[in-house]
Amino acid sequence: MSGGGYLMTAGLGWFAGKAGFMIGMVMGFAGMLGWAERKQSAVMQDRVGANRASILGFRALGLFHPIADAIKMLTKEDFVPPFADKVLHLLAPLIAAVAAMSAFAFIPFGDEIHVGGRIVPLVAVPMDLSALYVLGVVGLAIYGPFLAGAASNSKYALMGSLRAAAQLISYEVTLGLTLMGVFLVFRSLDLQAIVQAQGGALLGGWLPRWGIVLQPFGFLLFLAAAIAETKRVPFDLPEGESEIIGYFVEYSGMRFGLFMIAEFIEIVLFSALMATLFFGGWQVPGLARLALPQAAVALIQVAAFFVKVALLCAFQLLIRWTLPRFRYDQLMALGWKRLLPLSLLNLLVTAAVLAWRG
Amino acid sequence: MKFIERLYYPAVVKGLWITTRHLIGNLVRHGLFLAGLRKEPGLVTVQYPEQKRVLPPRSRTRHRLTRRSSGEPKCVACMLCATACPAECIHIEAGEHPDPTIEKYPVAFDIDLGRCVFCGLCVEACPVDAIRMDTGIIDLAAYDRHAMVLHKEELMNPPVVATPTGHPPTV
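Below is a summary of the structure that appears in this document. Because the structure is a prediction, the values reported are computed rather than measured.

Another point: the overall build of chain A. When helices and strands are tallied, chain A shows 13 helices and four strands. By the compact-globule yardstick of 21 Å for 358 residues, chain A fits well, its C-alpha radius of gyration being 21 Å. With the C-alpha coordinates of chain A rotated into their principal frame, the extents come out at 60 × 55 × 50 Å. Taking all 358 residues of chain A together, the buried fraction comes to 51%. Nonlocal contacts in chain A, meaning residues at least 24 apart in sequence, comprise 78% of its contacts between residues at least 6 apart.

Turning our eyes to something else, we now look at the overall build of chain B. Regarding its fold elements, chain B presents five helices and five strands. What you see in chain B, going N to C, is helices and strands ordered as α-α-β-α-β-β-α-β-β-α. Its C-alpha atoms give chain B a radius of gyration of 25 Å, more than 25% over the compact-globule value 16 Å for 171 residues. Counting only C-alpha atoms and orienting by the principal axes, one finds that chain B spans roughly 85 × 45 × 30 Å.

Attention shifts here to the state of the cysteines. All names here are of chain B. Under the criterion given, the structure shown has zero disulfides over all chains. Take Cys81: it sits in no disulfide, and the sulfur closest to it among the cysteines is that of Cys75, at 6.1 Å. Residue Cys116 stays outside any disulfide, its sulfur separated by 4.5 Å from that of Cys89, the closest cysteine. The exposure class assigned to Cys116 is buried, which follows from its relative accessible area of 14%.

Following the criterion strictly, the structure yields 11 salt bridges over all chains and no others. Arg232(A) is paired through a salt bridge with Glu37(A); the nearest N and O atoms lie 3.3 Å apart. Here the residue Arg232(A) occupies a position in the loop between α10 (216-229) and α11 (254-278), and Glu37(A) occupies one in helix α2 (residues 12-44), the gap between them amounting to 195 residues. Taken individually, Arg232(A) and Glu37(A) each receive the classification buried, so the pair is uniform in this respect. The residue Arg64(B) makes a salt bridge to Asp134(B) at a minimum N-O spacing of 2.8 Å.

What follows concerns the nonpolar core. Counting residues in hydrophobic clusters, the biggest one holds 78 residues, and the most contacted among them are Phe104(A), Ile107(A), Phe222(A), Phe235(A), Leu277(A), Phe305(A) and Val309(A). Looking at this core, the element that brings in the most residues is α11(A), giving 12 residues. Listed in part, the 21 residues of the second largest apolar core include Cys75(B), Ala87(B), Cys116(B) and Ala130(B).

Residue and element names in this part refer to chain A. For α11, which comprises 25 residues, the first-to-last C-alpha distance of 35 Å matches the rise-based estimate of 36 Å (1.5 Å per residue) to within 8%. Most of α11 is tucked away: 21 of the 25 residues are buried. A positive backbone phi angle near 85° is found at Gly280, which sits one or two residues after α11.

This brings us to the interface of chain B and chain A. How large an interface is tends to be reported as the accessible area lost when its parts come together. In this complex, chain B contributes 19 residues to the contact, which on the side of chain A involves 21 residues. Across the chain B to chain A interface the summed buried area is about 1700 Å²; carbon plus sulfur atoms make up 61%. Looking only at chain B, the three residues that lose the most surface to chain A are Tyr9(B), Leu16(B) and Leu23(B), adding up to 29% of its buried area. Arg52(A) is the partner of Glu50(B) in a salt bridge, and the nearest nitrogen-oxygen pair spans 3.1 Å. Viewed at the interface, chain A and chain B are joined by 10 residue pairs in polar contact (both at pLDDT 80 or more). The element contributing the most residues to the side of chain B that touches chain A is helix α2 (residues 9-34) of chain B, with 10 residues. Each residue belonging to the side of chain B that touches chain A can be placed in one class, and the counts come to 10 nonpolar, seven polar and two charged.

Residue and element names in this part refer to chain A. Together, Phe217, Leu220, Leu342, Leu345, Leu348, Val349, Val353 and Trp356 make up a nonpolar patch on the protein surface, roughly 770 Å² of accessible area in all. Where the nonpolar patch is concerned, the elements lending two or more residues are α10 and α13 (328-357). Of all the elements, α13 adds the most residues to the nonpolar patch, at six residues. When you line up the elements, Leu342 lands in helix α13. Under the relative-accessibility criterion, Leu342 is labelled partly exposed at 31%.

Another point: the packing of α11(A) against helix α12 (residues 294-320) of chain A. Residue and element names in this part refer to chain A. Put simply, α11 and α12 touch, their axes get as near as 8 Å, and they point 120° apart. In terms of axis orientation, α11 runs oblique to α12. In the packing of α11 onto α12, the handedness of the crossing is right-handed. Listed contacts from α12 to Ile267, Val268, Phe270, Ser271, Ala272, Met274, Ala275 and Thr276 of α11 are Phe305, Lys308, Val309, Leu312, Cys313 and Gln316. Of the residues assigned to the contact of α11 with α12, the class counts are 10 nonpolar, three polar and one charged.

Turning next to the packing of aromatic side chains. All names here are of chain A. In this structure the tally under the stated criterion is 17 aromatic pairs over all chains. With 5.2 Å between their ring centres and 35° between their planes, Phe235 and Phe326 make a pair best called tilted. Of this pair, Phe235 sits in the loop between α10 and α11 while Phe326 sits in the loop between α12 and α13; the two residues are 91 residues apart in sequence, bridging distant segments of the chain. The pair formed by Phe235 and Phe326 is uniform in burial state, with each residue classed as buried. Three or more aromatic residues joined by ring pairs make a cluster, and in this case those are Phe21, Phe29, Phe109, Phe305 and Phe306. Sitting above the plane of the Trp321 ring, Arg320 keeps its charged end 4.6 Å from the centroid.

Residue and element names in this part refer to chain B. Pairing between strand β2 (residues 90-96) and strand β3 (residues 104-112): seven bridges, direction antiparallel. For Glu93, the partnering residue across the bridge sits in β3 and is Ala108. Here two bridges tie β3 to strand β5 (residues 149-150), and the two strands are oriented antiparallel to one another. Bridge pairing in β5 places Ile111 opposite Leu150.

Quick notes on the rules
- Each chain carries its own residue numbering, running from 1 in the direction its sequence is written.
- For this description, chains carry letters from A and ligands carry numbers from 1, given in the order in which they are written.
- It should be noted that, the model being predicted, local features are given only for residues of pLDDT at least 70 and side-chain atom pairs only at 80 or more, the latter also being counted only at that level, while totals for whole chains, interfaces and linings use all residues.
- As a rule here, side-chain values cover all heavy atoms of the structure and leave hydrogens and water aside.
- Every helix listed is a DSSP run of H or I at least four residues long, and every strand listed is a run of E at least two residues long, numbered separately from the N terminus.
- Put simply, the radius of gyration uses C-alpha atoms, and a globule should come to 2.2 Å times the residue count raised to 0.38.
- To sort residues, take the accessible area from a 1.4 Å probe on protein chains only and compare it with the maximum for the residue type: under 20% means buried, over 50% means exposed, and anything in between is partly exposed.
- Should any heavy atoms of two residues lie within 4.5 Å, those residues are considered in contact.
- Disulfides are defined as cysteine sulfur pairs within 2.5 Å.
- A side-chain nitrogen of Lys or Arg and a carboxyl oxygen of Asp or Glu constitute a salt bridge if their distance falls within 4 Å.
- As used here, the term nonpolar core means buried Ala, Val, Leu, Ile, Met, Phe, Trp, Tyr and Cys residues forming a set that is joined through side-chain atoms within 4.5 Å.
- Given the number of residues in a helix, its expected span is that number minus one, multiplied by 1.5 Å.
- Once two parts are brought into contact, the accessible area they lose, counted with a 1.4 Å probe and summed over both, makes up the buried area.
- By the criterion applied in these results, polar contacts are pairs of N or O atoms within 3.5 Å in which, for protein atoms, one can donate a hydrogen and the other can accept it, and in which residues neighboring in sequence qualify only through two side-chain atoms.
- Nonpolar residues are Ala, Val, Leu, Ile, Met, Phe, Trp, Tyr, Cys and Pro. Charged residues are Asp, Glu, Lys and Arg, and all others, Gly as well, are polar.
- For patch detection, residues must exceed 30% relative accessible area and be free of salt bridges, and they are connected within 9 Å for like charges or within 5 Å for nonpolar side chains (Val, Leu, Ile, Met, Phe, Trp, Tyr).
- Here the Shrake-Rupley method, with its probe set to 1.4 Å, supplies the accessible areas, and only the displayed protein chains count as covering residues.
- Between N-to-C directions, angles cover 0 to 180 degrees, with each direction set by a line fitted to C-alpha atoms, over the stretch in contact for helices.
- Relative orientations are named as follows: roughly parallel for angles under 35 degrees, roughly antiparallel for angles over 145 degrees, roughly perpendicular for angles from 65 to 115 degrees, and oblique for any other angle.
- For any pair of crossing helices, the crossing counts as left-handed if the nearer helix is rotated counterclockwise from the farther one by less than a right angle, and right-handed if it is rotated clockwise.
- Ring pairs shown here join Phe, Tyr and Trp side chains whose ring centres sit within 6.5 Å, with only the six-membered ring taken for Trp; geometry is labelled stacked below 30 degrees between planes, edge-to-face above 60, and tilted in between.
- Two limits define a charge over a ring: the Lys NZ or Arg CZ must be within 6 Å of the ring centre, and within 35 degrees of the ring normal.
- Strand pairing is assigned whenever DSSP identifies at least 2 bridges connecting the two strands.

Given below as structure tokens:
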């Protein structure tokens, strides 16, 4: 099994380093997303946004507000509703956060670095089935909201979690089917191999061979399914910020904070997945012609990956603050009656084109 | 719905174009303003309390009692304002004034800002123009209800503020 064999050969230290780096970057992104959500939404709406949190007189454009939020959540009372299931009540946000974060172990953030005669691939766990594992972990993340409502001993929360679970498993199907189109085109389930296959160019060297060029329709479907999986507007009826009571109505303080962190981490996860599968991951078109030393190439590629993730996160925020919310029956109809047949059609057309071209 | 509306994505793209235009435009305009290259700020937020909005000249703000040239309050404790007040927030205690042309004067004049609805009926009711609502003071917060009751001393000596109405306080 290449997973265990990798740890034996390249060492636990490298794995720990890469995993630690990924976790650090992801948590940094999730924290920045808390700030970016307020600031980007404010600038989109012609206003300034939150800019009053200050440390020693420095306001720093409101960058301290996420820290203020964290302090507020940590100092709140840790409350479990009476007669609720204590273990599940604690477990639900943990499952949501851990499942969202553990998918990052398989996302390649760079090509490889050559250190001391050893080639280290820049994936925390290189595996030839990594895309499948990521899909599985995303399926596990459904348990978070599901258990949250079930453990809360509150009918409102239960209804919210039923909505959430139904929505998540519906859009999971479309997620998998659109990804199948990508796997057909790139002939691999290994995320690192998919990114490496996006290195070439089409149309006489002008158009990079990225996923969005080869599977544009698949990208649109994956975008819709990904936003539905993260339970963000326009698909946020389960949590329905202000109008309708969601599955975390009985959660306060850091338990609720974990749900919010899990949501932001899922945004980063799906941005990273979209960057990896459709936007060339760490590929920088035209970098090979510059003939830079290997360390510089690796650094530029890692930076390019995170820039792409940041831009896609900003795009998701743009969508969130532009679109109105779906009604629940519209949401389910969209998932089953529109996106599923369209993703099957996409798969059919992709397979037909590939079979025709040999 | 027409077919192109049923597709949903074209409408999404149109909406995204509007918000992206706002996003990029505001970033550029406000960035130029912050860099000093542009006079007007790109964003419409008024940063209270550093900046204040200019209120219309007849805005009803905190009350004050006007004075005669001798320094005594113009108020003759006729109770018309207390009677007109719909929130019953004015309490006056009358005392006898030695001058027979000014029969009474207020010994105590309390306005409970917690009850006041800022309707201005007391100003309209007063026959001697003793009470006005033109100080321009709009930040009236206090830490308890007792601190929200204004007595005669505070009403006769309002703090001078750069009035948010933008007009000098009338004498």
